[in-house]
Amino acid sequence: MAKYKEANLQTVIDTIRSYYPEGNLDIVRKAHQFAEKAHEGQMRSSGDPYIIHPTDVAQTLAELHLDLPSVITGFLHDTVEDTGVTLEVVEKEFGKDVSELVDGVTKLNKITFRTSEEKQAENFRKMFMAMAKDIRVILVKLADRLNNMRTLEHMPNHKQRATAQETLDIYAPIANRLGISWIKIELEDLCLRYLHPDIYYRLAQTISKKKRERESYIETVCHILEEKLKEYEVQANVTGRAKHFYSIYKKMERRQVELDDMFDIFAFRIIVDNITECYKALGVIHATYKPVPGRFKDYIAMPKANNYQSLHTTVIGPSGERVEIQIRTQEMHSVAEQGIAAHWRYKEGKFDMRSRDNVDWVNRLLEWNKDLKDPNEFLETVKIDLFAEDVFVFTPKGEVKELSHGATPLDFAYAVHTDVGNRCVGAKVNGQIVPLKHRLKSGDTIEVITSPSQTPSKDWLKIAKSSRAKAKIRAFIKTQERVRALEIGRELLDKALRPYDRSISKVEKSGDLLKAAQDRGLRTAEELFVGLGYGRYHEEHLIPLLVPKEILEKKAKEASDGTPPAEDSFLKKVFKSATRRSESRNAISVAGLDDVLIRFAKCCNPLPGDSIAGFITRGRGVTVHLANCPKAIDSDGDRKVDVRWNLSQKTPFKRQVRIRILSMDEPGLLAIMSQAMSALGVNITSANIRTTKDKKAVALFDVEVNDLAHLQKMTSTLEGKKGVISVERLRS
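Residues numbered from 1 in each chain as written. Predicted model: local features only at pLDDT ≥ 70, side-chain atom pairs only at ≥ 80, totals over all residues. Heavy atoms only, no water.

Participant: For the packing of helix H24 (residues 512-519) against helix H25 (residues 525-534), give the residues involved together with the corresponding values.
Facilitator: Contact geometry of H24 with H25 gives a least axis separation of 8 Å together with a crossing angle of 65°. Taken together, the axes of H24 and H25 lie roughly perpendicular to each other. H25 is crossed by H24, and the crossing has left-handed handedness. Contacts between H24 and H25 involve Leu513, Leu514, Ala516 and Ala517 from the former and Ala525, Leu528 and Phe529 from the latter. Classifying every residue of the contact of H24 with H25 gives seven nonpolar, no polar and no charged. (Axes fitted to C-alpha atoms, helices over the stretch in contact; angles between N-to-C directions. Helix = DSSP H or I, 4+ residues; strand = E, 2+ residues; numbered from the N terminus. Parallel < 35°, antiparallel > 145°, perpendicular 65-115°, else oblique. Left-handed = near helix turned anticlockwise from the far one by under 90°. Contact = heavy atoms within 4.5 Å. Nonpolar A, V, L, I, M, F, W, Y, C, P; charged D, E, K, R; others polar.)

Participant: Before we move on, could you go through unusual backbone geometry and cite the residues and values that matter?
Facilitator: In the Ramachandran plot, Asp501 falls in the positive-phi region, its phi being about 60° despite a non-glycine side chain. Relative to the helices and strands, Asp501 is located in the loop between helix H22 (467-497) and helix H23 (504-510). Assessed through its relative accessible area of 60%, Asp501 is described here as exposed. Residues other than glycine seldom take positive phi values, yet Asn605 does so here, at roughly 45°. As for its placement among the helices and strands, Asn605 is situated in the loop between strand S15 (598-600) and strand S16 (612-617). (Buried < 20%, exposed > 50% of the residue type's maximum accessible area, 1.4 Å probe, protein only.)

Participant: If you had to explain the pairing of strand S23 (residues 724-730) to someone new, which residues and values would you point to?
Facilitator: Counting buried positions along S23 gives five out of seven residues, so the element sits mostly inside the fold. In the sheet, strand S20 (residues 655-664) pairs with S23 via six bridges, with the strands oriented antiparallel. Note that in S23 the partner of Ile659 across the bridge is Arg729. (Pairing = 2+ DSSP bridges.)

Participant: Describe the sheet that holds strand S13 (residues 446-450), with residues and values.
Facilitator: Strand order in the open sheet formed by three strands is S12-S11-S13, and the pairing between neighbours is antiparallel. For this open sheet the edge positions go to strand S12 (432-434) and S13, each flanked by a neighbour on one side alone. This sheet shows a mean twist of 30° between the axes of neighbouring strands, independent of strand direction. As judged from the five bridges shared by strand S11 (residues 424-429) and S13, these two strands associate in the antiparallel manner. Along S13, the bridge assignment pairs Lys428 with Glu447.

Participant: An account of the confidence of the model for the protein is requested, with residue identities and associated values reported.
Facilitator: Averaged over all residues, the pLDDT of the protein is 80; the fraction at 70 or higher stands at 80%. In the model, residues 108-115 has pLDDT below 50 throughout and makes 16 contacts with residues more than four positions away in sequence or in other chains. Counting interchain partners and residues more than four positions distant, the pLDDT-below-50 stretch residues 346-351 has 12 contacts. (pLDDT = per-residue confidence, 0-100.)

So this is what it looks like as structure tokens:
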């Protein structure tokens, strides 16, 4: 094992030397020794010494040709989090630059959060903020996640799925946004392996069987393209490959076809000397093969947000196969493969950090951090932006605005200015008046129509597609709701105080109101009013804190009760109705209590095991949503309460969920699916099946399952059946 570790270290050093021969390699060896000593005795789930993981992370960073502080951080990234090493020690041994990078990738383990989901969301917020200041933070995190995904087979099944889903939601899109295509591709394929194992291995088996046939086809097309380009005196390097598994899977899902019906699984790349040759090569290709209408994209004239540049075209190649062809220069190819790392240059003793300015969305993180206080909302906003594709539109003055795919005039209005968005009533697209929900296309010219009396509404959240627009609309609505809750809270408390000859001004002046707020962990009396307005607190429970004891006793005697009012638990008192008949009383605990009225949101139907969030509604108990449900994200954080599944208690009921199965229209397939669900103990309560013109079947099933793990097992089993294209959980 010692030889293996040394060999790994030597590989890192050799890689660094290949692009940075003047680098101080002694400091790299010191970092490896430091990490090895810090992690001494720690083992990975595979049984290997822990030092192998940080060494592999450092190797990935070296392959990205990053600077020495980045590679050193690769060795040290887990020392502060998982060992007794402090940031002060790291700074003393390796300098401030390294200690700041290590701090940026270290999780927030010492801060108390209400839920594990909130903690995870805040971890991501910290990571993104550190990334906005120094892009190297996220590159270290990507290298760390890549190695964790490569060794995920040693983790339990539920951990594999959770890690793979998080990777697909966050890390693979980040790699794409940074333009590091090889990391994105590997992460996506690994995610497919753990999230949809049956589909992954079926793809692997099918493609493997046709390997010889595929290689022959690629060789034939490459030869034809090279000859044609040479004929027109275009110097080019032509290569071909089959698309990666995840890309094929998404095409199958999008086009609703089985693998056997997939044609354009081949991609060819043409590397030429300059931009002029790119367009010349495109002309040669279109003269040789018939182009597919609507499948040409010019990312040279209009680069992607991550600076990716290339010409894309799809043509009908030999044997009638659809093939995708990318044409670019060698410099464009370097950016496409290495992304932001391709811009880094060794200059005057250190690496040039200008690359951060080349990715606008990184800088937008700082703006979102100011506007979005709730960590879950921040994370969802980032995720929306990560997945965004590009649409390029123009202002009437010819200024280009980059928007997300599916963007509407409302998104454009907010891209111009927040006030323009808030007052938007319509727009003219290419001179024609269109509604706010109109979908924009690249090349459109938009003129926004505004009205001083217009204000945003909740319906706008269904229209807006961009993270910026959604964040601004939410902020406006929450401000309005907060003002209303503040007014209601003051009215409720004022009414409750009147029988005791007290007023809000009196309790404010005496300081009792502020003390009552602080007793509940609030900073101001205003926050207490808002909580009262939303129903988080009950005015009756504040009376003992705001009214002198002698007045309370006097009132008690006048009521001839003889029993002084006691302050019961807020949640017990407010939500006492119908609690014992609630089917969910054993399934969910709210603020540490079991006997509260719980309502499961119909918009998302959460299952035991799902990440959830609870929101108080005055007089209606607590509504439980999926943590990432749009309605939960749109709700005001002041109404949020800590809710958790009581997974230790087996609930006597099953939860209903709707699934959509897309399959081939084949005899007996419905029976096979029904039998598979029945064998797993899944009860089908309703079914709706229809066929399509292209010989597909779409089946909507309402099924009863025990929990999330039960649903996932059913989904995996169904996806493994021949003829099934995709299985999707629906959320209304």
